[in-house]
Amino acid sequence: MGTNEFYRIQNLIEGEWIEEKGVEYVPLYNPSTGEIIGEVPRSSKETTLAAIDSSYRAYDEWRNLPISKRIGYLFEIRKTMETHEEELAVAIALDQAKHISEARGEVRRVIEIIESACGIPALIQGETLEMISPNINARVIRQPLGVFGGIAPFNFPALVFGWFIPYAIGVGNTFVFKPSTQSPLFMQKMGVLLNEIGLPKGVVNIVHGNRSVPEAWYDHPKIAGVCLVGSTGTAKKIAEACGRAGKRTMLLGGAKNYLVVMEDAQMDIFIENYLHSCYGSAGQRCLSGSIVAAVPEIYEQVVENILEVSKTVKIGDAFDPEIYMGPVISADAKKKIEGYIEVGIKEGANLELDGRNPKVAEKNKNGYFVGPTVFTEVDPKMTIATDEIFGPVVSIVRINDLDEAIQLIRNQAVGNGACIFTQNLYYTEKFISDANAGMVGVNVGVCAPHPYLPFGGIKDSLVGTDKVQGKDGINFFTQNKIATVRYAPPTGRFTDEGDKKIKTAPESKDVRSCVAS
């Protein structure tokens, strides 16, 4: 996959690459340059239904494949991803335009997730309870459900693949995946690799398009559930539509994450983590630090250090090894972020560092760049402190103490992540206990759990109950079946040993059990 090719994106249906005919194609851009590098189909409903049918046909044979063979395919996916690690990273850096170093990190994380999913045989085991009554045992069995649909956002095309597909197919389901039209190249490459390892046809189908693709899933009788990483608004609409049809949903929504800095924080650790948290992926991720809340004793020092380090951030092409931060995803995203900067100014925050119109190389002059932007003296009720901006815009808030920080986090509608920087054990434990977010960190700027632990927020950051990864992922993609088994010798209590005739039922009792006994 080269940086000068033109990509006409195709769908993968039943193991075959299908070029959509008679539908609209939308441009695919390189955000680093603004150049059109391809086109993506808005696939028809007929294509979407064909993908569902393909996965539905594949389901029975796939779920009945011995688990060792299913997991064998996961091992093969891991192996081929390692072999093609750099090609996959290049695909991400080209159309999603996170810096190539971060793209490599994303691919590496997916490989680690697949390694964790390879432990499914140990994690999916059921339970047995013996002798619940004389000669009666009970078992809890975990089984797949059928066909799932998954929707990826633009910002993590590989990671969301890793969150959904390995766990879904590893436990025996099949999958229809819709990548973002803004970053489809990773899944184009993955589709090739899935075919090369011989993954059975229909186990994973890939369909490109707009919201009309998943809208065909919500009440479709052959779809068991729907997964999404996206905005809270979209998550709630999907939850409502799927709820009417009785579908399972795993829906990760929006975020607005605090970095709390206490008076005893080690400044070098905070600043190092601040850079990664607030400017990594150009601020386009659900665990980006967006609000820095500092106590009075350290507030001025925090502001000084943030401004000093933010001014050193190099902005430019995603493939330039000297660059720290690449572009945002699109011209519309750039315009939206710049609009929030204007709002922050109008609402009275102090714009200490303006990231609009940063200097970039000549070849990148038409790219979608916003530099580090820092506001100070921000009121927590201001728009820039409540809305998810999804860009490298940071609000610095002055707080009195830890209790106020915890209350501000509690007041948010969302609750994805929150981090504290401190050496104090009391501050640490109180924050972990009381910060109302699904993921918390201590002296880390991105509190993303490792692959064997669940990932997800609370409140409006998670619409539903199950998170991704680990046991939560397995729980979502399986259902419990309870078996109650009476075992008895060939001559049982209701059989006459001589003439094999059935005896009359026992006489009525004062109390009859409502369960097997």
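All of these numbers come straight from a predicted model, not from anything done at the bench.

(A) Inspection of the packing of aromatic side chains at higher detail. Overall, the coordinates contain 14 aromatic pairs when judged by the stated rule. Seen in terms of ring centroids, phenylalanine 270 and phenylalanine 421 are 5.1 Å apart; in terms of plane orientation they differ by 80°. Their pairing is edge-to-face. Taken together, the residues span a long stretch of sequence, with phenylalanine 270 in helix H10 (residues 267-279) and phenylalanine 421 in strand S19 (residues 417-421) at a distance of 151 residues. The same class applies to phenylalanine 270 as to phenylalanine 421, namely buried. When the ring of tyrosine 426 is compared with that of tyrosine 427, the centres are 6.2 Å apart and the planes differ by 55°; the resulting orientation is tilted. The class of tyrosine 426 is exposed, set by a relative accessible area of 53%. Ring pairing ties together the aromatic residues Phe270, Tyr274, Tyr279 and Phe421, which thus form one cluster. Of note, arginine 8 hangs over the ring of tyrosine 25, and the distance from its end group to the ring centre comes to 3.9 Å. Between lysine 98 and the ring centre of phenylalanine 156, over which it is positioned, the NZ or CZ distance is 4.0 Å.

(B) Summary view of the side chain of threonine 422. Turning to its location among the elements, threonine 422 is positioned in the loop between S19 and helix H14 (425-434). There is a polar contact of 2.9 Å between the side chain of threonine 422 and the side chain of aspartate 264. The residues contacting threonine 422, other than those within four sequence positions of it, are Met262, Asp264, Ala265, Tyr427, Thr428 and Asn443.

(C) Up close: the pattern of salt bridges. Evaluation of the coordinates by the stated rule reveals 25 salt bridges. Across the salt bridge formed by glutamate 106 and lysine 98, the nearest N and O atoms sit 2.8 Å from each other. Comparing glutamate 106 with lysine 98 shows no difference in burial state: the two are buried. The salt bridge partner of aspartate 354 is arginine 356, with a shortest N-O separation of 2.8 Å. Salt bridges here are not isolated pairs; linked through shared partners, they connect Arg78, Glu82, Glu85, Arg108 and Glu115.

(D) View of empty space enclosed by the protein. Tallied over the entire structure, the rule returns three cavities of 30 Å³ or more. Reported here for the largest cavity is a volume of approximately 110 Å³. Gly283, Ser288, Ser290, Glu388 and Phe390 are the residues nearest the centre of the largest cavity, which is lined by 14 residues in total. Its residues placed into classes, the lining of the largest cavity shows five nonpolar, six polar and three charged. What the second largest cavity holds in volume is close to 60 Å³. If you go around the second largest cavity, the residues you meet are Leu12, Gly15, Leu194, Asn195, Leu199, Pro200, Lys201, Gly202, Val203 and Val204. Among the residues forming the lining of the second largest cavity, the class breakdown is six nonpolar, three polar and one charged.

(E) Quick look at the nonpolar core. Core analysis: the biggest nonpolar cluster contains 132 residues, and Met81, Phe164, Phe270 and Tyr274 have the highest contact counts within it. Excluding residues that lie within four positions of it along the chain, tyrosine 274 makes contacts with Leu259, Tyr279, Val292, Ile306, Val309, Ser310, Val374 and Val394. Val207, Cys242, Leu251 and Val463 belong to the second largest nonpolar core, which has 19 residues in total.

(F) Focus on H10. Here H10 contains 13 residues, and its C-alpha end-to-end distance of 17 Å stays within 8% of the 18 Å for a straight helix at 1.5 Å per residue. Met267, Phe270, Ile271, Asn273, Tyr274, Leu275, Ser277, Cys278 and Tyr279 are the residues of H10 that are buried. The inward-facing, buried residues of H10 contact strand S13 (257-261), strand S14 (289-294), helix H11 (296-310), strand S16 (373-376), strand S17 (393-398) and S19. Just downstream of H10, serine 281 is the residue with a positive phi angle, here 55°.

(G) The arrangement of the sheet that holds strand S6 (residues 127-133) in detail. What the three strands build is an open sheet, ordered S6-S7-S23; its pairing is antiparallel. Both edges of this open sheet fall to S6 and strand S23 (479-486), since each of them pairs with a single strand only. Each strand axis lies, on average, 25° off the axis of its neighbour in the sheet, ignoring direction.

(H) The arrangement of the sheet that holds strand S15 (residues 350-353) in detail. Within the open sheet, the seven strands sit side by side as S15-S16-S17-S14-S13-S19-S20. Their pairing is mixed. With partners counted over all chains shown, the strands left at the sheet margins are S15 and strand S20 (439-442), one partner each. Between one strand axis and the next, the sheet turns by 20° as a mean value, whatever way the strands run. In terms of strand pairing, S19 meets S20 through four bridges, oriented parallel. Its bridge partner lying in S20, isoleucine 420 is registered against valine 442. Along the sheet, helix H13 (residues 402-411) contacts S13, S17 and S19; its crossing angle with S13, the most-contacted strand, is approximately 180°.

Basis of the calculations
Residues numbered from 1 in each chain as written. Predicted model: local features only at pLDDT ≥ 70, side-chain atom pairs only at ≥ 80, totals over all residues. Heavy atoms only, no water. Phe/Tyr/Trp six-rings, centres within 6.5 Å; stacked < 30°, edge-to-face > 60°. Helix = DSSP H or I, 4+ residues; strand = E, 2+ residues; numbered from the N terminus. Buried < 20%, exposed > 50% of the residue type's maximum accessible area, 1.4 Å probe, protein only. Lys NZ or Arg CZ within 6 Å of the ring centre and 35° of its normal. Polar contact = N/O pair within 3.5 Å; in protein donor to acceptor, adjacent residues only side chain to side chain. Contact = heavy atoms within 4.5 Å. Salt bridge = Lys/Arg side-chain N within 4 Å of Asp/Glu carboxyl O. 1 Å grid on protein atoms, 1.4 Å probe; cavity = no way out; pocket = protein on both sides within 12 Å on 5 of 7 lines; lining within 4 Å. Points joined across faces, edges and corners; volume = space filled by probe spheres on them. Nonpolar A, V, L, I, M, F, W, Y, C, P; charged D, E, K, R; others polar. Core = buried A, V, L, I, M, F, W, Y, C linked by side-chain atoms within 4.5 Å. Expected span 1.5 Å × (residues − 1). Pairing = 2+ DSSP bridges. Axes fitted to C-alpha atoms, helices over the stretch in contact; angles between N-to-C directions.

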